[in-house]
Amino acid sequence: MTTTASETNTPTIRPAEDADLLAIFRIENDSFSQPWPFSAFQHYVGKPTFLVAVDESKVVGYVVADLVPNHGRALGHIKDIAVHPARRGEGIGRQLLGRALNGLRAQGIHSVKLEVRQSNETAISLYQDFGFHYLRTVPRYYGDGENALVMIVELD
């Protein structure tokens, strides 16, 4: 017997497609005071670590991760992650982050960084659960003047 995502109450994680972009953009706008523009997501379609969580054919979350140059050795970068407000607290962000980190590891990446609002204790706690630790603070990183914490994790 095959179980579907809705039967197990666990969304399916898969690569993002063009057809997902409007749902992703809506979640982005519901999640952030300074959302990415629609066109920013278009750039990442087809990348192996632009992933969506889908439940009953609806996108309920996403993560955008990629590689950035770093003194001759690529560094993974979690650029954006969000879960639909009605689905938060279900572990979907944890699933997405885990899959993105595994995807970066499969590409030979050894270190991954991210930026997070200094006030976002929920996200900071999630990242710490995955082994991320504080690296430095970027003052006034966000348009409203809030600082960002740069966090990093070393992958096995």
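Our structure is the block above this text.
Residues numbered from 1 in each chain as written. Predicted model: local features only at pLDDT ≥ 70, side-chain atom pairs only at ≥ 80, totals over all residues. Heavy atoms only, no water.

Draft legend 1. Broad picture of the layout of surface pockets. By volume, the largest pocket amounts to about 1,000 Å³. In this structure, the largest pocket is lined by 35 residues; those nearest its centre are Phe-32, Ile-81, Asn-120, Ala-123 and Tyr-127. Looking at the lining of the largest pocket, the elements that each hand over two or more residues are helix H2 (21-31), strand S4 (75-83), helix H4 (92-106), strand S5 (111-117) and helix H5 (121-129). Ranked by residue count, the leading element in the lining of the largest pocket is S4, at seven residues. (1 Å grid on protein atoms, 1.4 Å probe; cavity = no way out; pocket = protein on both sides within 12 Å on 5 of 7 lines; lining within 4 Å. Points joined across faces, edges and corners; volume = space filled by probe spheres on them. Helix = DSSP H or I, 4+ residues; strand = E, 2+ residues; numbered from the N terminus.)

Draft legend 2. Seen up close, the pairing of strand S7 (residues 148-154). Counting buried residues along S7, six of its seven residues qualify, which places the element largely inside the surrounding structure. Across seven bridges, S5 lies against S7 in antiparallel orientation. From the neighbouring strand, Ser-111 faces S7, where its bridge partner is Glu-154. Where strand S6 (residues 133-138) lies against S7, five bridges are found, and the strand directions are antiparallel. Note that in S7 the partner of Val-138 across the bridge is Ala-148. (Buried < 20%, exposed > 50% of the residue type's maximum accessible area, 1.4 Å probe, protein only. Pairing = 2+ DSSP bridges.)

Draft legend 3. Local environment of the packing of aromatic side chains. All told, the structure shown has seven aromatic pairs when counted by the stated rule. Geometrically, the ring pair formed by Trp-36 and Phe-41 is tilted, given 5.0 Å between the ring centres and 40° between the ring planes. When the centroid spacing of 6.3 Å and the interplanar angle of 25° are considered together, the rings of Phe-41 and Phe-50 count as stacked. Here Phe-41 and Phe-50 have matching classes, each one buried. A network of ring pairs unites the aromatic residues Trp-36, Phe-41, Tyr-44, Phe-50 and Tyr-62 as a single cluster. Its guanidinium or amino end placed over the ring of Tyr-142, Arg-117 lies 4.2 Å from that ring's centre, counting from NZ or CZ. (Phe/Tyr/Trp six-rings, centres within 6.5 Å; stacked < 30°, edge-to-face > 60°. Lys NZ or Arg CZ within 6 Å of the ring centre and 35° of its normal.)

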